[in-house]
Structures are given as structure tokens and as C-alpha cells.
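Letter by letter, the chains look like this.
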Amino acid sequence: MDKNFKQQLMGYLLGNFSCKEIAELVTDYLEGSFSLSQRLRFQMHLGLCLACRNYLHQMKYTVATLHQLPSEAVPAHVKEELMKRFRTWKHEQSLPNPSSDSQL
Amino acid sequence: MSFLVWSWPSNLLFALGVPTLQETMQLDEAGLVRALQRGDERVFAAAMDLYSGSLLRLAMSFVPSRAVAEEVVQETWMGVLEGIGRFEGRSSFKTWLFRILTNRAKTRGTRERRYEPFGLSGTDSEGDDGPSLEDSLFVTEGSGKGHWADPPQGWEPDTPERALLSKECRMAIETAINALPDTQRQVITLRDVEGVSAEEVCNILSISETNQRVLLHRARTKVRGVLDPYVRGGNT
């Protein structure tokens, strides 16, 4: 079989995407921003390329890992200060409204 | 006929005034807002415990120090109290919190000369040019051009749990996030750490959908690169 033809056929089967292009487009794919034809070409490449499938899964696991990161610890003094401010706010809320008084 | 039979229990529950799971979840947020509007101290304390860690993480991406970020979180909660009476539930409560924080943090960040709006800063509008991965990771010549030079390995399905069990790996992820340019850090924090939708992130940060995607891709690519040596071959 002619070498050029083989390369063309392989390129076609890989969706005419190189692995480098797949790596750069993986977020677009996950975000669902592709047209139907782009999506099909992308999936054709994934179907034949284990390395790119691995890369896609690695990106998904990265997202899942980030989503499970523990929250930042908020120091107790920040919370205490906030509770003080909350009580002041609540106290002010319970005071009679000066504008409504003046209407009386 | 079977539909009618199966629909009986839910109809009965509805008639008895028992809310469905979905209604309960909606009621929870609506209930939280109503309690805050009433000035319920216990609910305020619980909401503060629940959301302040997320707020602090996002605040740190806008301002230069943790101390200033803590002040921004306090200002955010004061903003919540000022605005809770007008909260109409057009977005989720959490998204509303992030929006208040972002506005306050931008003001503080500008004052502290850290944050600059998009388009004004060379360092903050990063991400629009060049590939996110180095060329050296791919074959550059011959018939294999553009293919992986060192093909990515499979990660185990329990990667997230294993990665976060390792303190060293967790620190490496945190360091990688902190080292990101500000806008990438803000996008990945909101999208991937906090799970906010793309549309809401665009709204909160006032960026376009395309820009959001580019920033997210570059940020994810960097964090993936940091994670890889820790989880490759099942090691953590």
C-alpha cells in the first residue's frame, strides 16, 4: 500500500486531529462547545488512541480531585468578629426606623 | 395503569403536605434565606461555617495576603446582611455569595494593587496565545509528528481519593493553584473546586464564555501536570 495513502487513511481514522490538537481541545470537548462533526472527529481519534483516552481521563480525574479539595480553614477570631458584627446588625435592625418616626 | 398505581404514594405524600426531596432541597435554601432575613443567629453561624472556607479560597485569588482575604470574607458577610432583604433567588445563594465577594475583592485588590480588570493587565489576560502543553511532549518531526513523545499513562479510578490522602500531593495541588495567574486561579477555583456552572462563572467574573474556557483549560492542564507524578502507576 502506498505510504502517503496509509498516512492519509490513518489521519482520517484519527479524525484528522493530532494528539497535540486533542490535548489542546480536551476542555472544549468536556465543556460541550464542539459542533457535532468536531465531536465525532474527536471521538474517532479517542477510539483509536489509548494515549489520548488516558489524557482525557486524567483531565477528568484532575477535575474530580479539585472538587474534593478540603475548604480553607477560617480562623476562630474571624468568626467571632463576624458574630459580633451580626449582633450589632441585628440590634440596629430592631431599632425603630427614624424616617418612619418622623412621619408620625 | 401501573403509572396510576405508582403515582399514588407521591400524590398521597403531596396531599399530606410532605415535600419531595427536590422540594426539600429548594426549601432548604429558601428557608436559609428567610432565616437570615429574620436575623436568626444560629442559621447565620451555620451558613458562615458552611461557606466561609470557600469564600476565603476565592478571596485569596484576588488579594495579596491571607489577612486581607479574611477581611474580604468579613466584608462579604456584611454585604450579605445588607442585601439579604432584597435577595430574590434568581441565582443560588452560594453564587450570590461569590458575586458579592468578587465585587468586594476586586475593590480591595485594586486598592492593594493586585487585581486589574481584564484587558488592562498583561499578566491577567494570560491564556490566549500559545499551547498549554510544551512542544517537547510531542513528536516534532517525521510521520509521527504531533503524536505523544511520552504517551500519558492510565490513572486509577480512585485517583482523587488517593491523591488527597497524601498530604504531600495535596500541598502540591494547593501550591500549583496558588502559582496560577490570578484569573486562571479564579476560574478553576469557581468551576472545579466549588462546582459553579460555566455560565455563572462568566457572570461572576464578567468574562466571555471563550475566555472562561481558555483560562480553565490552561489552569487544569497545569494542575494535571503537577498531579501526574504523584498518581502515575498508582503511587501517591
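As a reminder, the structure under discussion sits directly above these lines.
Residues numbered from 1 in each chain as written. Chains lettered and ligands numbered in written order. Predicted model: local features only at pLDDT ≥ 70, side-chain atom pairs only at ≥ 80, totals over all residues. Heavy atoms only, no water.

**Re helix α3 (residues 41-59) of chain B**
Residue and element names in this part refer to chain B.
Argument step 1. Of all the bends found along α3, the most pronounced is centred on Y51 and spans about 45°.
Argument step 2. Among the residues of α3, those classed as buried are F44, A47, M48, Y51, S52, G53, S54, L55, L56, R57, L58 and A59.
Argument step 3. For α3, the N-terminal capping position is held by D40, with its side-chain oxygen 3.0 Å away from the main-chain nitrogen of R42. (Bend = angle between axes of the 7 residues up to and from the residue. Helix = DSSP H or I, 4+ residues; strand = E, 2+ residues; numbered from the N terminus. Buried < 20%, exposed > 50% of the residue type's maximum accessible area, 1.4 Å probe, protein only. Polar contact = N/O pair within 3.5 Å; in protein donor to acceptor, adjacent residues only side chain to side chain.)

**Examining the side chain of S132(B)**
Argument step 1. Residue position: S132(B) is located in the loop between α5 (93-111) and α6 (159-165).
Argument step 2. According to the relative accessible area criterion, S132(B) is buried, its value standing at 18%.
Argument step 3. Of the polar contacts made by the side chain of S132(B), one reaches the side chain of H217(B); its length is 3.1 Å.
Argument step 4. Contact partners of S132(B), with chain neighbours within four places excluded, come to E24(A), H217(B), R218(B) and T221(B). (Contact = heavy atoms within 4.5 Å.)

**Some details on the pattern of salt bridges**
Argument step 1. Under the defined criterion, the tally for this structure stands at 19 salt bridges over all chains.
Argument step 2. Salt-bridge contacts for K20(A) lead to D135(B); the nearest nitrogen and oxygen are separated by 2.6 Å. A residue pair is termed interchain when its members come from two chains, as with K20(A) in helix α2 (residues 19-30) and D135(B) in the loop between α5 and α6.
Argument step 3. Judged by relative accessible area, D135(B) falls into the partly exposed class, the value being 42%.
Argument step 4. One network of salt bridges, with partners in common, ties together D28(A), E209(B) and R213(B). (Salt bridge = Lys/Arg side-chain N within 4 Å of Asp/Glu carboxyl O.)

**Focus on the packing of helix α4 (residues 50-67) of chain A against helix α10 (residues 209-231) of chain B**
Argument step 1. As a packed pair, α4(A) and α10(B) sit with axes 9 Å apart at the nearest point and diverge in direction by 95°. Taken as axis vectors, α4(A) and α10(B) run roughly perpendicular relative to one another. Along its contact with α4(A), which presents Y55(A), Q58(A), M59(A), T62(A), V63(A), T65(A) and L66(A), the element α10(B) presents H217(B), R220(B), T221(B), V223(B), R224(B), L227(B) and D228(B). (Axes fitted to C-alpha atoms, helices over the stretch in contact; angles between N-to-C directions. Parallel < 35°, antiparallel > 145°, perpendicular 65-115°, else oblique.)

All quantities given are derived from atomic positions and should not be read as evidence of function.
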